[in-house]
Amino acid sequence: MAAAPGALRRALPSIRSAIVQVHPQNKSQLTRLFSTSLPSQRLDSSSSSSSSSTPEYAIPDPSRPTHFGFETVTEGEKRERVAGVFTSVAESYDRMNDLMSFGWHRVWKDHFVASLNPGFSPLTAGPDPRGSQHILDIAGGTGDIAFRMLHTAHVLNNNPSVRVTMSDINRAMLTVGKQRASALPASQQAALSFVEANAEDLTRTRPLQPLSDAEKATTKHAFFDPATATSSIPSNSVDLYTVAFGIRNFSNIPAALREARRVLKPGGVFACLEFSKADKHPLFNALYKEWSFRAIPLIGQLVAADRDSYQYLVESIERFPSQEEFRDMIVDAGFVVAGDGYEDLTGGVAAIHKGMKPRA
Ligand SMILES: C[S@@+](CC[C@H](N)C(=O)[O-])C[C@H]1O[C@@H](n2cnc3c(N)ncnc32)[C@H](O)[C@@H]1O
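What counts and how
Residues numbered from 1 in each chain as written. Predicted model: local features only at pLDDT ≥ 70, side-chain atom pairs only at ≥ 80, totals over all residues. Near = placed C-beta within 6 Å. Helix = DSSP H or I, 4+ residues; strand = E, 2+ residues; numbered from the N terminus. Nonpolar A, V, L, I, M, F, W, Y, C, P; charged D, E, K, R; others polar. Pairing = 2+ DSSP bridges. Axes fitted to C-alpha atoms, helices over the stretch in contact; angles between N-to-C directions. Contact = placed C-beta atoms within 7 Å. UniProt positions renumbered as here; feature names shortened; annotations may be inferred. Buried ≥ 20, exposed ≤ 12 C-beta atoms within 10 Å, placed from the backbone.

Undergrad: What should I look at first to understand the site of the ligand in this one?
TA: Surrounding the ligand, one finds 20 residues, the nearest of these being Ala-139, Gly-141, Asn-170, Ala-199 and Gly-246. For the shell around the ligand, the elements supplying multiple residues, two or more each, are helix 4 (75–89) and helix 7 (144–156). Looking at the shell around the ligand residue by residue, the classes come out as 11 nonpolar, 6 polar and 3 charged.

Now the structure itself:
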C-alpha cells in the first residue's frame, strides 16, 4: 500500500492525458462527429416504440467519422482495423483475458449469465416457463457467453429446448470458438450454431465458413463480407440478445442497437456486458487506469507479441460511453429499462446494461 501514492503520482500525467482526451467537456464538440455518440435528440416514449423511422446516425456509413481507440477514422476503416485486431489476438485471446483481468472476466461472465437465467423464458406461454428459447450471442468471439448459456439452460435449469446462435464478424474468433465447442456435451453442440454477421446489419449473415489456408496466414480479410451473405436473422425471432465485451468495437453502436431491437421478439431482452467507468471511486480508478495503460499493452507484447492490439483494447475501453450515456443510447433505440438500466461490476470496471423491447 505504501507504494501506491508514488505509483499514483507517476501515473498521473498519463492518466490525466488519457482523461483529457475523453473528458465530457472536451467530448461535447466531438460527439456529434462520432457515430457511437449520443444522438442530439432523445425519442419520446411514443416514438421510441415505433420502428418506422430510422435516424440517420443509426444507418451505417463507411465514410462517417468514428473512433478507433484514440484515433479518428471512418466507420469503414474501423471495421477493417477491428477485424485485424481480433484476427491477430484470436489464438491468445482466452489466455490474455485471464492475465489482463486477473480472472475477473470469468466472474463477470458467470454473473451476467446467471442474471439472465437462460432456460426460464418470460415469453413462454403456459404454466412452465421452461419453454423453447432462442438466444443470440452477438460478437460471441471464442464462446465464453454461449457456452455458459447452454450449460445454465440445459444442465442447471434442465431445459434442453434452449438453442444458442453464436455470431461474430470475425471468422478467426468464431473458428476458435467452434474448436472449443467440440469439448461440449453432444446435446449442447447440437443446440449451438455459428453465424458470421456484422452486428450492425443482421439481415445479411451466413453460417461460419472454414478459414482458407491464405486466410490463416494473414491478419486481413478474415471478417465477414456481407456480399457473401446467404441468410439473415428474421425480425421478432430472438428471445434474448447478448453481447459481451463486443459493442465498444462496433463502428456504429446505434445501428447495432436498432438491429437488436428488430430481431428481438416483443418482450425480448437486450443484455450487454461491457467495460465501463470506475470514476465513482477515484483512487481505485487511478490505479485501474495505471494498470490498463501501462501493464496491458506490455503483457500483450510479452505474451502475444502484439502490443498494438492491446493498446487499442485499453483505448477503446476509455473511449466507450459512461454507464448513463450508454443507458440513454439503449432507451433511444426503443428499449425500456428498469431502474437505472445498468448494474456496476467491480466498482464500474465493467457494467451490465439491460433493456426490453416493448411488448406492443
Ligand atoms: C473482446 S471480444 C468478446 C468475445 C466474447 N463475447 C467474450 O466475451 O469473450 C469482441 C468481439 O467482437 C467482435 N466484433 C467486433 N466488431 C463486430 C461487429 N461489428 N459485429 C459483430 N462482431 C463484432 C470481434 O470480432 C470480437 O470477437
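Undergrad: Can you help me understand the sheet that holds strand 4 (residues 162–168) in this one?
TA: By definition, the strands of a sheet pair up through backbone hydrogen bonds, in either a parallel or an antiparallel sense. Taken together, the 8 strands give an open sheet; going across it, the order is 6-5-4-3-7-8-10-9, and neighbouring strands pair in mixed fashion. Strand pairing shows two members of the sheet lacking a second neighbour, strand 6 (201–207) and strand 9 (342–345), which therefore form its edges. Looking at each pair of strands side by side, their axes are set apart by 25° on average, direction ignored. Judged from the 4 bridges that link them, strand 3 (residues 133–138) and strand 7 (residues 238–244) form a sheet pairing that is parallel. Among the inter-strand pairings, Asp-137 is bridged to a residue of strand 7, identified as Thr-242. Contacting strand 8 (264–275), strand 9 and strand 10 (350–356), helix 14 (residues 323–332) crosses the sheet at an angle of about 20° to strand 10.

Undergrad: Hey, could you run me through the UniProt feature "binding site: S-adenosyl-L-methionine" (unreviewed entry) in the chain in this one?
TA: This chain's UniProt record puts "binding site: S-adenosyl-L-methionine" (unreviewed entry) on Thr-142, Asp-168, Asn-198 and Ala-199. The buried category is assigned to Asn-198, around which 26 C-beta atoms lie within 10 Å. Structurally, Ala-199 is set in the loop between strand 5 (192–198) and strand 6. With 25 C-beta atoms packed within 10 Å, Ala-199 lands in the buried category.

Undergrad: Help me understand the environment of Ala-191, please; the structure alone is not making it clear to me.
TA: Relative to the helices and strands, Ala-191 is located in the loop between helix 9 (186–190) and strand 5. Each C-alpha atom of the pair Ala-191 and Val-164 lies 6.2 Å from the other, and the pair is 27 residues apart in sequence. Excluding its chain neighbours within four sequence positions, the residues that come into contact with Ala-191 are Leu-150, Val-162, Arg-163 and Val-164.

Undergrad: Could you clarify how one ought to interpret unusual backbone geometry in this entry?
TA: What is expected of a backbone is that most residues other than glycine have negative phi and most peptide bonds are trans. In this structure, Asn-236 is a non-glycine residue whose phi angle is positive, near 55°. With respect to the secondary-structure elements, Asn-236 resides in the loop between helix 10 (213–216) and strand 7. Using a count of 11 C-beta atoms within 10 Å as the deciding quantity, one classes Asn-236 as exposed. A positive phi angle, close to 55°, is found at Phe-245, a residue other than glycine. Counting through the fold element by element, Phe-245 comes out in the loop between strand 7 and helix 11 (253–263). The class for Phe-245 is buried, based on 22 C-beta atoms found within 10 Å.

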